[in-house]
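Here is how the chains run, residue by residue.
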Amino acid sequence: MTRSIRFTALPTETVRALRAGAPDANGMVAERAVSDGGGNPCRHCLHDIPEGAGMLILALRPFPAPQPYAELGPVFVCSDDCRRWEGEGVPPVLSKRPQYLIKGYTGADRIAYGTGRIVPAGDLPRAAAALFDDARVRYGHVRSATNNCFTCRIDSV
């Protein structure tokens, strides 16, 4: 059964707090840097941060609480206000790389084993929707196929 899905960006409240100096998942203030334009995807607007624009580099654990399966890694967000991605379809940033890693997670925020796979960017909508054919999956992640960094969440709607 194919379901409707939504690609979900980081919440605006979370990003505002990080911009204001709230600690990241490592308890540190985000690093400030300037984008080289070489592929720094903002996890809030889901666009690449343009060359010369300010950005924050921080540790993110996109789970409600630390636990063994709560992966933690580096991400970028625009340092200036940006509009959160809330559109339909595939966010702009997900057409910028040739492939992505997708994984399904259970209601207990654990990896649903067997759901992780590398998919071509053009196949993301179908593959992401197929995650929810597994009854264990409550949500998914899109991650970098090369670095495993979190890009956005996948929700069934």
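Residues numbered from 1 in each chain as written. Predicted model: local features only at pLDDT ≥ 70, side-chain atom pairs only at ≥ 80, totals over all residues. Heavy atoms only, no water.

Another point: the pairing of strand β5 (residues 99-105). Taken across its 7 residues, β5 has 6 buried, putting it largely inside the fold. Here β5 runs beside strand β6 (residues 117-120); their pairing, made up of 4 bridges, is antiparallel. Counterpart to Q99 in the pairing with β6 is P120. Taken together, the 6 bridges between β5 and strand β7 (residues 139-144) define a ladder with antiparallel strand orientation. Bridge pairing links L101 to R143 in β7. (Buried < 20%, exposed > 50% of the residue type's maximum accessible area, 1.4 Å probe, protein only. Helix = DSSP H or I, 4+ residues; strand = E, 2+ residues; numbered from the N terminus. Pairing = 2+ DSSP bridges.)

Counting residues in hydrophobic clusters, the biggest one holds 22 residues, and the most contacted among them are I5, F7, L94, I102, L124, V142 and I154. Among the elements of the structure, β1 (5-8), β5, α2 (124-131) and β8 (150-156) are those that each provide at least two residues to this core. Ranked by residue count, the leading element in this core is α2, at 5 residues. Once you skip the residues sitting within four places of it in the chain, F7 turns out to touch W85, G89, V90, P91, L94, L124, P125, A128, V142, C152, R153 and I154. (Core = buried A, V, L, I, M, F, W, Y, C linked by side-chain atoms within 4.5 Å. Contact = heavy atoms within 4.5 Å.)

By secondary structure assignment, the location of D134 is in the loop between α2 and β7. Counting along the chain gives 20 residues from D134 to G114, while the straight-line C-alpha distance between them is 9.7 Å. Here the side chain of D134 touches R136 through a polar contact of 2.6 Å, side chain to side chain. (Polar contact = N/O pair within 3.5 Å; in protein donor to acceptor, adjacent residues only side chain to side chain.)

Quick look at the environment of P50 now. By secondary structure assignment, the location of P50 is in the loop between β2 (31-34) and β3 (54-60). Taking the C-alpha atoms as reference points, P50 and N40, separated by 10 residues in sequence, lie 8.1 Å from one another. Contacts of P50, omitting those with residues within four sequence positions, involve S35 and G37.

With that settled, the discussion passes to α2. Because an α-helix packs 3.6 residues into every turn, residues spaced three or four apart end up facing the same way. Where α2 is concerned, the buried positions are L124, A127, A128, A129 and L131. For α2, the secondary structure elements touched by its buried residues are β1, β5, β6, β7 and β8.

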